[in-house]
Structures are given as C-alpha cells and as structure tokens.
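# Examination of the molecular architecture
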Amino acid sequence: MTLVAGAERLHSDLAELATYSEGGPGTSRRLFSDAYRDSRDWVRETMRESGLVVRADAAGNLVGVLEGNDPRAGTLMMGSHTDTVDGGGNYDGVVGVLGAIEVVRQFREEGRRLAHDVVVVDFLGEESNDYGLTCLGSRSFVGDLTASDLARVDTAGRTLGQRCADSGLDPHGLLAAGRQFQRPRAYVELHIEQGPVLEERGADIGVVTGIVGIQRLLATFIGQADHAGTTPMDRRRDALVAAASAVLAVRQTGCDAGGQGVATASDISGYSSGPNVVPRTARLQAEMRSIEPVWLSAAERRLTQEIQHMAESYGVEVDLEWIADNEPRPMDGTIQRRISTAAEALGLRWEAIPSGATHDAVHLARVCPTAMVFVPSIGGRSHCPEENTTIEDFVHGVGVLKETLTDLDSTRA
Ligand code: HGY
Ligand code: MN
Ligand code: MN
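The sections below set out a description of the structure shown in this document. (Residues numbered from 1 in each chain as written. Chains lettered and ligands numbered in written order. Predicted model: local features only at pLDDT ≥ 70, side-chain atom pairs only at ≥ 80, totals over all residues. Heavy atoms only, no water.)

Secondary structure summary: the chain contains 13 helices and 13 strands in total. Its C-alpha atoms give the chain a radius of gyration of 23 Å, near enough to 22 Å, the size a compact globule of 413 residues would have. Across the 413 residues of the chain, 54% fall into the buried class. Considering only intrachain contacts with a sequence separation of at least 6, the fraction spanning at least 24 residues in the chain is 78%. Entry remark: accessible area of the chain is about 17600 Å², with carbon and sulfur atoms responsible for 50%. Across the chain, 39 positive and 59 negative side-chain charges occur, with their mean positions spaced 4 Å apart. (Helix = DSSP H or I, 4+ residues; strand = E, 2+ residues; numbered from the N terminus. Rg over C-alpha atoms; globule rule 2.2 N^0.38 Å. Buried < 20%, exposed > 50% of the residue type's maximum accessible area, 1.4 Å probe, protein only. Contact = heavy atoms within 4.5 Å. Areas by Shrake-Rupley, 256 points an atom, 1.4 Å probe, with all protein chains shown as cover. Lys, Arg positive; Asp, Glu negative; His and termini not counted. Charge placed at Lys NZ, Arg CZ, Asp CG, Glu CD.)

If you want it as structure tokens, here you go:
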C-alpha cells in the first residue's frame, strides 16, 4: 500500500463518516441520536469490508476480529470511539477506529497474517452524556459499569438504563459484558492529541505516558425567594450569586494548580419564578482533571470547603456531589518504547506526553497493557468544528500503529 493510496482511502472514510451528523455547526453524533445509530451501521460495514468478522457485543461495542495463525498467541487490540460531543469535530475518536481499520486493510493487502488475532473495537458512547458518565462502552467492556451508573437520572428524570433500553441496548447486557472479556496481550489506541503541545514542539507523534483522572461536581444551592425590589441587598439569600461565586472558585483552583491540574465549570443554572424574584435555587456542574491523584483529592477537599464557605457568606445552603469519572492511569512502559521505536523507524519525530483528555484506553489500562499514539491537532483545537488534523499526520499515526502491532506480534508476551 503506498502512503498516497492509504491517504486517499482514509480521506474518503473520514468524509463519509462526517456525513452522519444531527445537523447544526460542526459534527454531532451523540450517544442516543439517530445519526450515531446510523453511522455505526456504516462503521460495521466498513469493518466487514476490510476483512474483519464483526459483531456487536452485549454492551453495543462493535468488535471486529482478524484471525491470527497461532491460536496460542492471544489478541492484539486497537480501537477508539466514533461518537462526538455536540457540535464537535471529525477526528476525535474517529482517527482511532478508521486508522485501525486501515491497518487491517494493509495487513491483508500485504498478505501478512499475524500470529495474534487482531481486534478492532468501536467503543460505544465514549463522550460524556446527559448522565455525566464517559466511556459507557469501554467501561462496560472491562466490567466496570455498575447498576448505580445505569440508575443515574437526567434532568428529565429518565435513568441511563431506561435510555439504553429505549435505544435498543440491553441494560443487563451492559452490566454483563465484562464477563465476556478476554484479556488482550495489548491494547493500543490511536487518537488526536486535542491540545497544542505536539504542534508547538514540531513533533509528528505523541507517545502517551498517562491519562488524567477526572472528578466531576454537581453542586445544588438553596437560598430564599424574596421580592427583588423591596429586599435590601444585605438581607438576600441569593442562590444564583452563590453559584456564580463558585464558578470563579473552580477557575481559580485550576489557575492555582501550577500546571498540575485543570478545573472547568461547564453549566450554571438558577431558578427564580420571575425577574422580580431573588433566585431560590441554582445548580453548578464542574470538573477537575489531573495526572496526579494526590493533587486531585487535595483540590477536591479545598474546593469543597471554599464553596461551602462562600455559600454560607451568602446565607445559602449547598449540597456538593462529587463523582469520580476515572482514576489517573499510567500507560504501559514497554509498549511506549515500542511506539517510539516504530516512530523512529518511520523517520518521525516523537514526544512523550501526558493526556489531558480521557479515552477508552483509561479503562482498558486497568485490565491489560495499554498505550496510546497521538497525532497533532491543528491549533490544539478539539471538541469544536475547528478540530482538524492533516491527512499526512493521520497517515503517520496509522503507520506507527501498524509498526507497533507488527513489533508486538513478533515477540511473545
Ligand atoms: O472528556 C474527554 O476528555 C473525552 O474527550 N471524552
Ligand atoms: Mn476521544
Ligand atoms: Mn472527546
């Protein structure tokens, strides 16, 4: 396969998958949307055409297998996700699924049959959903999805389990999928960096050292409804003002982290029965991320105290619910070395880099040797219509993924 031919095929796959969107700016393929459901029919067919034997597992993950020639060798797994955030781009996750399919195509065109089975997975619903839970499919794949996850309720009062059932997924299957899990020898995920580091350093490839942990916060503020015209400013218990001060406290937590962590408030809503009524209740959603578990837990304690203290100063009660989305996880050192060797063999410049984004790999890393290959994001932009990566960089990533698998296949575990 020439580099150019591979590039053309990848380009047309990307363009085809990008046509599946719910409409509006950018690309939207959210977990329970028709666009996402229809796009997975295309992914399944594309996997099958590449020579993979494809099935949907009990969790709705698409699992494609290219049989190896030594049943004792085990499995080498690649994958990622093809759902997007609302108004997202065309590369996040997609590069890992289409890139893995391209590796399989090239193995077959070159008549190369590995000893290991090669498995490609399009994991269901990696992006955060209305229930604040990321990586639904990979969490289930490794047996980490719990009944309490499925019992989470959205703002319309529907549980995640109900939404899954309504969309044709079997909640029991989601809980049981982990029992089918067969530990692969290695899982390697190709992904866009989604940040500015590789581009700024002029690197072609990122060798991921670890993936951040995420703590998510849902804070509920209860104040007191009062007349907005007659109530003196110093006698108000304004829930929305308390929530707004918490937004700034979240930001300050990230700014004070000295690069050890980041903190983001993503949604604030207040309830007042009219413009002439002091808001009685408010809700704030936020998250913090760090590769350092110690920083993450200390920041959670500090921010909790600060928000409680501020709410008290406004005469407002606050309830804080923290949810651990995932723990920070290091990537496998041996496979990292294989990735950097593969990059050098292809004459590519690589950088070791932690991932500020979470990925399906963070769940696979709990159960098998896992590593990630990054390709640069233009302008460091992601989760927006401007998300972009050059086809050359995409082809480089596919080449490194392919060489890494070939290297893993040539040595026994
Ligand atoms: O949130 C993340 O980092 C990922 O894009 N789901
Ligand atoms: Mn992703
Ligand atoms: Mn994402």
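So that's the structure; there's more coming.
Quick look at the packing of aromatic side chains now. Taken as a whole, this structure holds three aromatic pairs when the rule is applied. Between Phe-123 and Phe-141, the aromatic rings sit 5.3 Å apart at their centres with planes inclined by 80°, giving edge-to-face as the arrangement. Of this pair, Phe-123 sits in strand 4 (residues 117–123) while Phe-141 sits in helix 4 (residues 136–141), and the two are 18 residues apart along the sequence. Across this residue pair, the class does not change: Phe-123 and Phe-141 are buried. Relative to Phe-181, the ring of Phe-141 lies with its centre 5.5 Å away and its plane at 80°, an arrangement referred to as edge-to-face. One end of the pair, Phe-141, is in helix 4; the other, Phe-181, is in the loop between helix 7 (171–176) and strand 5 (186–192), and 40 residues separate them in sequence. According to the relative accessible area criterion, Phe-141 is buried, its value standing at 9%. An aromatic cluster is built from Phe-123, Phe-141, Phe-181 and Tyr-187, whose rings are joined through pairwise contacts. (Phe/Tyr/Trp six-rings, centres within 6.5 Å; stacked < 30°, edge-to-face > 60°.)

Protein coordination at the manganese ion (ligand 2): the donors are His-81 (NE2), Asp-92 (OD) and His-191 (NE2), at 2.1 to 2.3 Å from the metal. In primary-sequence terms, the residues that donate to the manganese ion (ligand 2) follow H-x10-D-x98-H. Here the manganese ion (ligand 3) and the manganese ion (ligand 2) are spaced 3.6 Å from one another, each receiving a donor from Asp-92. In this pair, Asp-92 is assigned in the loop between strand 3 (75–81) and helix 3 (94–109) and His-191 in strand 5, connecting sequence segments 99 residues apart. (Donors = N, O, S within 2.8 Å, 3.2 Å for Na, K, Ca; no water.)

What follows is about the coordination of the manganese ion (ligand 3). Every protein donor of the manganese ion (ligand 3) is accounted for by Asp-92 (OD), Glu-127 (OE) and His-383 (NE2), and the metal-donor separations fall at 2.1 to 2.2 Å. Mapped onto the polypeptide sequence, the residues donating to the manganese ion (ligand 3) form the spacing pattern D-x34-E-x255-H. Under the relative-accessibility criterion, Asp-92 is labelled buried at 6%.

Taken in spatial order, the four strands of this open sheet run 8-9-7-10, and their pairing is antiparallel. Of all strands in the sheet, those with a lone pairing partner are strand 8 (261–271) and strand 10 (317–326), marking the two edges. Across the sheet, the mean angle from the axis of one strand to that of its neighbour is 15°, orientation sign disregarded. In the sheet, strand 7 (residues 213–222) pairs with strand 9 (residues 281–290) via ten bridges, with the strands oriented antiparallel. Pairing of Ile-222 across the sheet is with Thr-281, part of strand 9. On top of the sheet, helix 9 (residues 239–255) reaches strand 7, strand 8 and strand 9; it is set at about 170° to strand 8, its chief contact. (Pairing = 2+ DSSP bridges. Axes fitted to C-alpha atoms, helices over the stretch in contact; angles between N-to-C directions.)

With relative accessibility at 0%, the residue His-191 sits in the buried group. Here the side chain of His-191 touches Gly-93 through a polar contact of 3.3 Å, landing on its backbone nitrogen. Once residues within four sequence positions are removed from consideration, His-191 is found in contact with Ser-80, His-81, Asp-92, Gly-93, Val-95, His-359, Met-372, Val-373, Phe-374 and Val-375. (Polar contact = N/O pair within 3.5 Å; in protein donor to acceptor, adjacent residues only side chain to side chain.)

Here the structure, examined in full by the defined rule, presents 26 salt bridges. Across the pair Asp-144 and Arg-366 runs a salt bridge whose closest N-O atoms are separated by 2.7 Å. Of this pair, Asp-144 sits in the loop between helix 4 and helix 5 (147–150) while Arg-366 sits in the loop between helix 12 (361–364) and strand 13 (370–375), and the two are 222 residues apart along the sequence. Look at Arg-366 and you get partly exposed, because its relative accessible area is 39%. In this structure, Arg-338 engages Asp-407 in a salt bridge whose closest nitrogen and oxygen atoms are separated by 3.1 Å. Linking Arg-338 in helix 11 (residues 333–345) with Asp-407 in helix 13 (residues 391–410), this pair joins segments that are 69 residues apart in sequence. Overall, Asp-407 belongs to the partly exposed group, its relative accessible area being 26%. Salt bridges sharing common partners tie together Arg-9, Asp-13, Glu-102, Arg-105 and Glu-109. (Salt bridge = Lys/Arg side-chain N within 4 Å of Asp/Glu carboxyl O.)

This brings us to the pairing of strand 12 (residues 350–355). Of the two faces of strand 12, the one lined by Glu-351, Ile-353 and Ser-355 is fully buried and the one lined by Trp-350, Ala-352 and Pro-354 carries no buried residue. Judged from the five bridges that link them, strand 6 (residues 205–211) and strand 12 form a sheet pairing that is parallel. Bridge assignment links Val-208 to a residue of strand 12, and that residue is Ile-353.

By secondary structure assignment, the location of Ser-80 is in strand 3. Each residue touching Ser-80, except ones within four places of it in the same chain, is listed here: Gly-93, Gly-96, Val-97, Val-121, Asp-122, Phe-123, Tyr-187, Glu-189, Leu-190, His-191 and Asp-360.

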